[in-house]
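Topology and contacts: notes
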Amino acid sequence: MKPISFLALLCIVTALFLPAMAHADDGHGHGGAAPSASGPSLPRFAAVSDVFELVGVLDGKRITLWLDRAADNAPVVDARIELEIAGEKLKAEPHEDVYEVVLAAEPKPGVLPITAMVVAGSETDLLAAELDLHEDSHADAAAPARPWSRYAPWAAGLAALLVLVVFTRRMSASRQRRAGDAA
C-alpha cells in the first residue's frame, strides 16, 4: 500500500471516531454531577401589579412575604399587608425586610385563592394570586443510569486504534515478504 493511501485511511478512521469522543456528558464534563435540590421546595405564590410585587412562601402554617416595588425591585419595609386566604382574613407582621403571617391550621392540598391588600404610604393596591398545594409526586425520579454510555466512545476509539494497529502490522509484513521476493 502506498504511504499516501495509508495516510488517507488513518485520516478517515480518525475523522470517524474523533467526534464521538468529543461529546460531553449531561453535566458538560466539568467535574462531578450537576447540583440538584436537596429536598422538596416550599410552595409559593406571586402577585404582581403596576406598583407592587408580592411573593409568599408557605412553610407549614407560616407564610413569609416579600414586598417589592415593581418599578425598581426595591423592598418595601413600611407597608401594611392584609391577606385573605380561602375566606380567612389575616394581618401580616413586619420583620425587618419581610412580613409574616401565621395560619390557624396547615392548609389542605388544592388551589387556594389569595387576595392581598397592600398600603404603603399614600399607595394602596389590591393583589391576587393562587397558592397551588399538591402532594409530593415522584415524577422527577432520576432516569435510569447508563454508565456504559459515558465510556462507549472511548471503547469505540480504542477498537478503531486496535484495528489500525493490526492493519498496519499486516501491511508491514506484506511489504517485507514482497521485498524478500524481489531479492
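For the structure, see preceding data.
What counts, and at which threshold
- Residues numbered from 1 in each chain as written.
- Predicted model: local features only at pLDDT ≥ 70, side-chain atom pairs only at ≥ 80, totals over all residues.
- Heavy atoms only, no water.
- Helix = DSSP H or I, 4+ residues; strand = E, 2+ residues; numbered from the N terminus.
- Buried < 20%, exposed > 50% of the residue type's maximum accessible area, 1.4 Å probe, protein only.
- Contact = heavy atoms within 4.5 Å.
- Salt bridge = Lys/Arg side-chain N within 4 Å of Asp/Glu carboxyl O.
- Pairing = 2+ DSSP bridges.
- Axes fitted to C-alpha atoms, helices over the stretch in contact; angles between N-to-C directions.
- Polar contact = N/O pair within 3.5 Å; in protein donor to acceptor, adjacent residues only side chain to side chain.

This paragraph deals with the overall build of the chain. Helix and strand counts for the chain come out as 2 helices and 9 strands. When the elements of the chain are put in sequence order from the N terminus, they spell out α-β-β-β-β-β-β-β-β-β-α. Every one of the 183 residues in the chain was classed for burial, and the buried ones make up 23%. Considering only intrachain contacts with a sequence separation of at least 6, the fraction spanning at least 24 residues in the chain is 49%.

Before going further, it helps to spend a moment on the pattern of salt bridges. All told, the structure shown has 4 salt bridges when counted by the stated rule. The salt bridge involving Glu100 is made with Arg62; its shortest N-O contact spans 3.9 Å. In this pair, Glu100 sits in strand β7 (residues 98–102) while Arg62 sits in strand β3 (residues 62–69), placing the two residues 38 residues apart along the sequence. When its relative accessible area of 24% is taken as the criterion, Glu100 is described as partly exposed.

We now examine the sheet that holds strand β5 (residues 88–91). Here 4 strands make up an open sheet; going across it, the order is β5-β4-β8-β9 and the pairing antiparallel. Edge positions in the sheet fall to β5 and β9 (123–133), since each of these pairs with one other strand and no more. Between one strand axis and the next, the sheet turns through 20 degrees on average, direction left out of account. Examined bridge by bridge, strand β4 (residues 80–85) and β5 share 4 bridges and lie antiparallel to one another. Residue pairing for β5: Leu83 is matched across the bridge by Leu90.

Strand residues, when the strand is regular, have side chains that alternate between the two faces of the sheet. The two faces of β4 differ: Ile81, Leu83 and Ile85 on one face are buried, but Arg80, Glu82 and Glu84 on the other face are not. Linkage of β4 to β5, two consecutive antiparallel strands, is achieved through a turn of 2 residues, within which Ala86 is found at a positive phi near 50 degrees.

Moving on to the side chain of Ser49. Take Ser49: it is sitting in the loop between β1 (44–48) and β2 (52–59). In this structure the side chain of Ser49 is engaged in a polar contact, spanning 3.2 Å, whose partner is the backbone nitrogen of Val51. Within the structure, the side chain of Ser49 is placed 2.2 Å from the side chain of Asp125, a separation counted as a polar contact.

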